[in-house]
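# Coordinates in review
Each chain, written out:
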Amino acid sequence: MRLRRLAALAALSLAALTACGSGSGSGSDVGTLKIMAPASPGGGWDQTSRTAEQAFKSADPSRTVEVYNVPGAGGTIGLAQLAAAKGNGNLLMTMGLVMVGAVEQNKSKVTLTETTPVAKLTEEYEIVVVPAASPYRTLADLVAAWKADPAKIAIAGGSAGGTDHIVAGLMAKAAGIDPGRVNYIAHSGGGEALNALLGNKVALGISGIGEFAEHVKSGKLRALGVSSPTRVDSVDAPTLKEAGLDVELANWRGFVAPPGLDDTAKKNLTDLVTRMHDSQAWKDAVAKNGWIDSFQTGQEFADYLAAEQTKVKTIIAEMGLVS
């Protein structure tokens, strides 16, 4: 009797593992879709992940979707966990340009070559802000103080080597300041950087427009410039070039999956993400957040990702952001 009971329990456990797709590279598994946001709550990856969660549910109400956070080291801690989940066809990780830089900055042993590229989702320009009480009314005011004493201008942003850090370095270079003297304070999520700004602990903040736009509109932050080629509708601020610094850069975000997926699993995930992208819920969120739709899947995204890794590695080396 006891042996039969143990056998039954083992069978149930096996069925549960099969239902959630644990460790399986097969695309036939249909269970809870998990989305890893490899940063603390409140940042761009978290925002993108939770926006996608709602759009997935809108596109397929029968599927359970869960978002969870794995903060630290510019997303490379989450990247290592994703690589270890080889063959899991029910797991996506939100990532982007920030992670490409963080892999180089942190000398991560696990790289993006050890993932399955699924889709590029959006692009977003960066915004440069100061606290409402800041004495710097314009970018010219800030640059004058920055040149006088680079160490005095503490800049809050995301991960070291990420998009925010790159923009800070490019701004310094354009202003005639040694990028190596930039006093950049990295944070694991947009929420932490925002708290530093609102608490007047830093002079300047750099992040994606969507992360700071509402606080600019409320008057808690003042926008000095955006990294776009032309002004954007969602925020009242000049471009960095218009304000005197010849800097233009767009962040981007997308999904990768664990390695070791078979062709069916890849197709199922790609089809699922495509339905999410085509949903009205996603389209509305893209418009609301001021994101740019830059959807790519399959080999097109894989090629883009490989090119970005080469480009970013060159940029951050030139700017002295890596030793």
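Scroll up to find the structure this text is about.
What this report covers is the structure whose coordinates are included nearby.

Basis of the calculations
Residues numbered from 1 in each chain as written. Predicted model: local features only at pLDDT ≥ 70, side-chain atom pairs only at ≥ 80, totals over all residues. Heavy atoms only, no water. Salt bridge = Lys/Arg side-chain N within 4 Å of Asp/Glu carboxyl O. Buried < 20%, exposed > 50% of the residue type's maximum accessible area, 1.4 Å probe, protein only. Helix = DSSP H or I, 4+ residues; strand = E, 2+ residues; numbered from the N terminus. Expected span 1.5 Å × (residues − 1). Arc of directions from axis to C-beta. Contact = heavy atoms within 4.5 Å. Axes fitted to C-alpha atoms, helices over the stretch in contact; angles between N-to-C directions. Parallel < 35°, antiparallel > 145°, perpendicular 65-115°, else oblique. Nonpolar A, V, L, I, M, F, W, Y, C, P; charged D, E, K, R; others polar.

### Some thoughts on the pattern of salt bridges
- Taken as a whole and judged by the stated rule, the model has 12 salt bridges.
- Here Lys241 makes a salt bridge to Asp246, at a shortest N to O gap of 3.9 Å.
- The exposure class assigned to Asp246 is exposed, which follows from its relative accessible area of 59%.
- Here Glu308 and Lys311 are joined by a salt bridge, their closest N and O atoms 3.0 Å apart.

### Quick notes on helix 11 (residues 298-318)
- With 21 residues, helix 11 extends 31 Å from end C-alpha to end C-alpha; this agrees with the ideal 30 Å at 1.5 Å per step.
- For helix 11, the complete set of buried residues consists of Phe301, Leu305, Glu308, Val312 and Ile316. Along the axis of helix 11, the buried positions cluster into a sector of 65°, meaning they face one direction only. With respect to the buried face of helix 11, the exposed residues turned more than 90 degrees away are Gln299, Thr310 and Glu318.
- Next to the buried residues of helix 11 lie strand 3 (91-96), helix 4 (97-105), strand 4 (116-131), helix 6 (163-175), strand 9 (250-257) and strand 10 (292-297).
- The positive-phi residue at the C-terminal boundary of helix 11 is Gly320, with phi of around 75°.

### What about the packing of helix 9 (residues 263-278) against helix 10 (residues 280-289)?
- Helix 10 packs onto helix 9 with a crossing angle of 60° between their chain directions and a minimal axis gap of 5 Å. Judged by the inter-axis angle, helix 9 sits oblique to helix 10. Residues Met276, His277 and Asp278 of helix 9 form the contact with helix 10, whose participating residues are Gln280, Trp282 and Lys283.
- Partitioning the contact of helix 9 with helix 10 into residue classes produces 2 nonpolar, 2 polar and 2 charged.

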